[in-house]
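Topology and contacts: notes
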Amino acid sequence: MAEWEAFYQNEDEEGEQEEGEQSAGDYKVSGRDSLVFLVDASKEMFIKGEDGPSNFDMTMQVVRSVYTSKIISSHRDLVALVFYGTKESKNPRNSFKHVYVYHDLDEPGAKRVQEVDALRGDKGAQLAAETMGSGETSLGDALWCCANLYSDIKLRLSHKRLMIFTCRDEPHTGDSTKDRKARTKASDLKETGVVIDLMHLMKPGGFDVAPFFRDIVSPPEDESELGLQLEPCDKLEDLQKRVRAKELKKRAMARLNLCLGEGVNVAVGIYATAVTARKPAPIRLYRETNEPVRSKTRTFHTQTGSLLLPSEIKKAQIYGKKQIVMEKDEVDSIRKFEDPGLHLIGFKPMEKLKLHHHIRPAVFLYPEEGEVKGSACLFSALLTKCSERNVFALCRCVARRNYAPRFVALVPQEEKVDEGKVQITPPGFNVIYLPYADDTRTLDIPQCPSASQEQVDKMKEIVSKLRFKYRSDAFENPVIQQHFRNLEALALDMMAPEDTEDLIMPKVDQIDRRLGHLSQEFKDLVYPAGYNPESKPAAKRKTADSGGAAEKKPKVEVGEDELKAHLQNGTLGKLTVPVLKEACKKFGVRTTGTKKQELIDALIAQLGS
């Protein structure tokens, strides 16, 4: 029988789920994300800007960055690259003219990254002209071809997205028949669950989305979704930012009910806004075929060696020197505290929430209107009132089945947007996990000398000089960055990986320029004159007052009466070897060895007689 190892699951494994699955209660979504890049290959896309790359080159750089990020973060997602407005045609069964399928819907790999790299720069533009060329445009045929790419996939797709990259706001130059055909096909794609986005690029005279593309693009899925942007992208950074905002589907870690009272429930989703970056786990491969190896676990009887079925495996717990056997449903009922969900306990002022209450990464709470109608309205009202009154909601949270309950604080967060109307922080609640009593420890603070007020004031000046606005995304993990650079160089047959700049290391020159003489003044206040922190302290050695030789330890002698008392009590073993040697010399005891037991035996033989 298997030992019952733990009562509850390990909460640190909460985010480690099977690829493509999120579960909360009975809710489960499975499948892969898919993304199709539909790129305009007309001559206007290859025109270089005054001080920057062409629109086609910018698009290829973005496609390449998405390919590499998909390989690192979610390699099982499907990606495709399709060009329209080409002279040559290449698509399944060659059913559509002027449509060139460069990459089918498939998992990204090193070969595809190399092929996209070949389309970058001046040589890439020349290769594109030789391979595909520029010809007539029919966006309707291109959308139809993309629909066939989706229909040919036999895998389950959880999210389907299509991005159009172009710098022409009227691709058919006023041809109403082609416009109508494109709108019809776009409508068909939307009905099948494909989300169409427009990544329009700069062109002379400006880009107007109203005449044609407003009917092509899908509306935002919810309030947090980035809608159609009116201003075109004229910089690579802006284009990458928009693609990054659209590329990933917002997947909930869990979908729960927030119970505000008896019969008042709000459907909410829990999202991880920031996740610790880690190196991917190694994958074991079969030596001959280089295919991933899958492990299977089977349980055998220790005495008979027969294979045990799941129904034959019991769980047991030793209690009172007896082994109590339990069935699987009994164990599940014991482990279950309550159904997954959030239960409101009350409200507290924000001053009651301290920094040391933050014991694990926070998650984000957002309403799920599709689960319970009216959730967004009630959630918005609760968020507004908590923000106005500067309070947080105290709740009891059970994230999943068989999870121990936790007390959490729902801290309100208002929406913020930048100059381009792109959302920086979404509106919702930050879920702060609160500690239990046994999570708080009492520490013995070491006693150190207190700084004087002059030293404190000088350090305040130094801190004010070195203050800067901190952004977590401004510092990359150099170890992980170097790890993926090495993998990229190995996969793409590069001579050497790109150099990684360690942004964590302090900028010593800039710090010295900012501080100036303050560092020396603080050093003079704190350290004694001539102190060098880089020098090693000299080894201390005690010397005698007269000759300067090392002082010897004083001899420890024991009297005759004390020695006889130890002999009578049988406690000679408590004396040290030097003391026993001195006793032997004092009483003229001859010894044949220097071990402790030999000295004790000699003293017993001499004094006992």
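Residues numbered from 1 in each chain as written. Predicted model: local features only at pLDDT ≥ 70, side-chain atom pairs only at ≥ 80, totals over all residues. Heavy atoms only, no water.

Once that is clear, we can look at the overall build of the protein. Tallying secondary structure elements over the protein gives 15 helices and 19 strands in all. Put simply, the protein has 609 residues, and 34% of those count as buried. Within the protein, contacts between residues at least 6 apart in sequence are counted, and of these 68% link residues at least 24 apart. Accessible area of the protein: about 39900 Å², with a carbon and sulfur share of 51%. (Helix = DSSP H or I, 4+ residues; strand = E, 2+ residues; numbered from the N terminus. Buried < 20%, exposed > 50% of the residue type's maximum accessible area, 1.4 Å probe, protein only. Contact = heavy atoms within 4.5 Å. Areas by Shrake-Rupley, 256 points an atom, 1.4 Å probe, with all protein chains shown as cover.)

For the rest of this paragraph, the subject is the sheet that holds strand β8 (residues 194-200). In a beta sheet, neighbouring strands pair by backbone hydrogen bonds and run either parallel or antiparallel. Reading across from one edge, β6-β5-β4-β7-β8 is the order of the five strands in this open sheet, with mixed pairing throughout. With one partner strand each, in any of the chains shown, β6 (99-106) and β8 form the two edges of the open sheet. Across this sheet, the average inter-strand angle for adjacent strands is 15°, counted without regard to direction. One ladder, built from eight bridges, connects strand β4 (residues 32-40) with strand β7 (residues 157-166); its direction is parallel. Within β7, the residue paired with Ser34 across the bridge is Lys160. Packing against the sheet, helix α2 (residues 110-117) makes contact with β5 (78-84) and β6, and its axis sits at approximately 155° to β6. (Pairing = 2+ DSSP bridges. Axes fitted to C-alpha atoms, helices over the stretch in contact; angles between N-to-C directions.)

Here the focus is the pattern of salt bridges. All told, the structure shown has 16 salt bridges when counted by the stated rule. For the salt bridge of Glu388 with Lys385, the shortest nitrogen-to-oxygen distance reads 3.6 Å. Residue Glu388 and its partner Lys385 are located together in helix α8 (residues 375-389), separated by three residues, close to a single helical turn. Take Glu388: its relative accessible area is 56%, and that puts it in the exposed class. For Lys385, a relative accessible area of 46% puts it in the partly exposed group. Residues participating in the shared-partner salt-bridge network are Arg64, Asp117, Arg120 and Glu488. (Salt bridge = Lys/Arg side-chain N within 4 Å of Asp/Glu carboxyl O.)

As a further point, take the side chain of Glu368. With respect to the secondary-structure elements, Glu368 resides in the loop between β14 (363-367) and α8. With a relative accessible area of 11%, Glu368 lands in the buried category. Within the structure, Glu368 has its side chain in polar contact with the side chain of Tyr271 (distance 2.6 Å). What Glu368 contacts, discounting residues up to four positions off in sequence, is Arg255, Ala267, Val268, Gly269, Tyr271 and Ser375. (Polar contact = N/O pair within 3.5 Å; in protein donor to acceptor, adjacent residues only side chain to side chain.)

Before going further, it helps to examine the sheet that holds strand β13 (residues 341-349). The sheet built from seven strands closes into a barrel, its strands ordered β9-β10-β14-β19-β16-β15-β13 with mixed pairing. Strand-to-strand twist across the sheet, computed as the mean angle between neighbouring axes with direction ignored, equals 40°. Two strands pair when backbone bridges link them, and strand β15 (residues 391-398) and strand β16 (residues 406-413) are joined in this way by five bridges, in the antiparallel orientation. Bridged to Cys395 within β16 is Val408.

A few words on the packing of helix α4 (residues 139-151) against helix α5 (residues 176-191). At a minimum axis distance of 7 Å, the contact between α4 and α5 shows a crossing angle of 20°. With respect to their mutual orientation, α4 and α5 come out roughly parallel. Crossing of α4 over α5 shows left-handed handedness. Mapping the contact onto sequence places Leu139, Gly140, Asp141, Leu143, Trp144 and Ala147 in α4 and Lys181, Ala182, Lys185, Ala186 and Leu189 in α5. (Parallel < 35°, antiparallel > 145°, perpendicular 65-115°, else oblique. Left-handed = near helix turned anticlockwise from the far one by under 90°.)

Let's shift gears to the packing of helix α9 (residues 453-465) against helix α12 (residues 518-526). Packed helix pairs are characterised by how far apart their axes lie and by the angle those axes make with each other. Packing of α9 against α12 brings their axes to within 10 Å, and their N-to-C directions diverge by 155°. It follows that α9 is roughly antiparallel to α12 by the angle criterion. Like other packed secondary-structure pairs, α9 and α12 cross with a definite hand, here left-handed. For the pair α9 and α12, the contacting residues are Glu454, Gln455, Lys458, Met459, Glu461, Ile462 and Lys465 in the first and Leu518, Glu521, Phe522, Leu525 and Val526 in the second. Grouping the constituent residues of the contact of α9 with α12 by class yields six nonpolar, one polar and five charged. (Nonpolar A, V, L, I, M, F, W, Y, C, P; charged D, E, K, R; others polar.)

So, on to the environment of Cys377. Along the chain, the position of Cys377 falls in helix α8. For Cys377 and Val266, which are 111 residues apart along the polypeptide, the C-alpha to C-alpha distance reads 9.6 Å.

On the surface, Phe468, Tyr470, Phe475 and Ile504 cluster together into a nonpolar patch covering about 460 Å² of accessible area. Relative to the elements of secondary structure, Phe468 occurs in the loop between α9 and α10 (478-491). The exposed category is assigned to Phe468, whose relative accessible area is 51%. (Patch = residues over 30% accessible without salt bridge, like charges linked within 9 Å, V, L, I, M, F, W, Y side chains within 5 Å.)

Our next topic: the nonpolar core. By size, the foremost hydrophobic cluster in this structure holds 33 residues, and its most contacted members are Leu38, Leu139, Leu162 and Ile164. Broken down by secondary-structure element, the contributors of at least two residues to this core are β4, β5, β6, α4, β7, α5 and β8. In terms of residue count, α4 provides more of this core than any other element does, eight residues in total. Apart from residues lying up to four places away in sequence, Leu38 is in contact with Val82, Tyr84, Leu139, Ala142, Leu143, Cys146, Leu162, Met163, Ile164 and Phe165. In this structure, Phe56, Val63, Cys167 and Leu236 belong to the second largest nonpolar core, which totals 32 residues. (Core = buried A, V, L, I, M, F, W, Y, C linked by side-chain atoms within 4.5 Å.)

For Asn290, which is not glycine, the phi dihedral falls at a positive 65°. Turning to its location among the elements, Asn290 is positioned in the loop between β10 (264-271) and β11 (315-319). Using a relative accessible area of 54% as the deciding quantity, one classes Asn290 as exposed. Located in the positive-phi region is Lys321, a residue other than glycine, with phi close to 60°. Tracing the chain through its elements places Lys321 in the loop between β11 and β12 (322-326).

Applying the stated rule across the entire model yields 11 aromatic pairs. Ring centres of Phe37 and Phe165 lie 5.9 Å apart, and the angle between their planes is 40°; on these two criteria the pair is classed as tilted. Of this pair, Phe37 sits in strand β4 while Phe165 is found in strand β7, placing the two residues 128 residues apart along the sequence. An identical accessibility class is assigned to Phe37 and Phe165; each is buried. With 5.0 Å between their ring centres and 80° between their planes, Phe212 and Phe213 make a pair best called edge-to-face. Assigned by exposure class, Phe212 and Phe213 land together as buried. (Phe/Tyr/Trp six-rings, centres within 6.5 Å; stacked < 30°, edge-to-face > 60°.)

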